[in-house]
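What the coordinates show
Spelled out, the chains give:
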Amino acid sequence: MSKLAVITPSYAPDAELFADLHRSVLEFTSDDTIHHVFVPPGDREAFARFEGPRCHVWVRSELLPRRYLRMPGTDVYVNYRRPWPPLRGWVMQQTVKIASVGLIDADAMLIVDSDAVLVRPTSAESFSRDGRLCLYRLENGVTAEMKRHVIWHQVARDLLGLPPAPPAPLPDYVTALTFWDPEIVRAMQRRITQVTGRDWLDAFNAQLHVSEFILYGVFVDEVLKADPPINTTICHLSYNHEPWDEARAVAFADQLPQDAVGMMISAKSHTPMEARQAAIRRCAQVVESS
């Protein structure tokens, strides 16, 4: 068993972003750390060049039971036992993260999106306190105006058999780079099955609106009541949706926190690759000078 596995759902349009991420995984994690990327069936060839001793390319449908049928020419799946709602790509990406614990043998899982990169040496120990993995929890991060996040909280509580969510503000657990404890994920799966009377995967995939990160966070806080150590600075994040030029991207990198091991500029910003890579180089300079 390796100490750390890196989990990334991706698809062909993000293959170049993934290339930068994978290079950073090779540079900043231990030699026994394997990067697992999960892609739609039609996108496997776009990621075949990464396959090797430290990268395993999975087709996402490998995680699904045979009762899930792919609709031809799409990345949408239907559970023929309960065909509505169909399993869409957005929920499938979340399913991959939760289901991967059944395939991958590791002490800890680093969940990281394609548009993030590592910028410092990274291990489970770097996100642990007294031997316990930290939780990303931004207190009062979900306001009443964040309608989707509020719904995600309620859906999580329904799946976990908890009372209705209190009024906002609520904690936010959504991030681009975080660690999960596989034992906690397996316990969460069992809880969903117990509460819903259905396989956790079917219960999760039946949701129109759901967040894997909020589900995991609510489980840790409200079911386990684990009182975990908290870390919200592990990744330097930008969810900006406007493209940045090189100067703006570099200025963002200049603000890299002292203890951040990752940086993310959202793919939805459509920031050019040249600007992204300039930001990555500046992060290296910031780390070197710190």
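Every value quoted in this text rests on a predicted model; they were computed, and no experiment measured them.

Parameters and conventions
All chains use their own residue numbering, which begins from 1 and follows the written sequence. Residue-level local features of this predicted model are given only where pLDDT is at least 70; pairs of side-chain atoms are given and counted only at 80 or more, and the full residue set underlies all totals for whole chains, interfaces and linings. Just so you know, side-chain values use all the structure's heavy atoms and leave hydrogens and water out. Marked domain ranges trace back to an automatic or database domain assignment. Any two residues having at least one pair of non-hydrogen atoms within 4.5 Å are treated as being in contact. Buried area counts how much accessible surface, traced with a 1.4 Å probe, disappears from two parts once they are put together, with both parts' losses summed. Polar contact is defined as a pair of N or O atoms within 3.5 Å, subject to the rule that within protein one atom must be able to donate a hydrogen and the other to accept it, and that residues adjacent in sequence are counted only when both atoms are side-chain atoms. Going along the chain from the N terminus, every DSSP run of H or I of four or more residues is numbered as a helix, and every run of E of two or more is numbered as a strand. Any two strands are treated as partners once DSSP identifies two or more bridges connecting them. When the strands point away from the viewer, a crossover counts as right-handed if the path from the first strand over the helix to the second runs clockwise. Where helices are involved, their axes are fitted lines through C-alpha atoms of the stretch in contact, as for all axes, and angles between N-to-C directions lie from 0 to 180°.

**Thoughts on the domain arrangement of the chain**
Here the domain parsing of the chain yields domain 1 (4-232) and domain 2 (233-289). Put simply, the middle of domain 1 and the middle of domain 2, counted by C-alpha atoms, are 23 Å apart. Listed as interface residues are 22 residues of domain 1 and, on the opposing side, 23 residues of domain 2. Here domain 1 meets domain 2 over a buried area of about 1,800 Å², counting both sides, of which 60% is carbon and sulfur. Along the contact surface separating domain 1 from domain 2 lie 9 residue pairs in polar contact (both at pLDDT 80 or more). Those elements that place two or more of their residues in the side of domain 1 that touches domain 2 are α1 (15-28), β7 (116-118) and β12 (177-180).

**Remarks on the pairing of strand β13 (residues 235-238)**
Here β13 pairs with strand β14 (residues 262-265) via 4 bridges, running parallel. By the bridge assignment for β14, H236 is matched with M263. Read as a crossover between parallel neighbours, the route from β13 over helix α8 (residues 246-254) to β14 is right-handed.

**What about the sheet that holds β14?**
Taken together, the 3 strands give an open sheet; going across it, the order is β7-β14-β13, and neighbouring strands pair in mixed fashion. Among the strands making up the open sheet, the edge pair consists of β7 and β13. The mean inter-strand angle of the sheet, taken between neighbouring strand axes irrespective of direction, is 15°. In this fold α8 packs onto β13 and β14, with an angle of close to 150° to the strand it touches most, β14.

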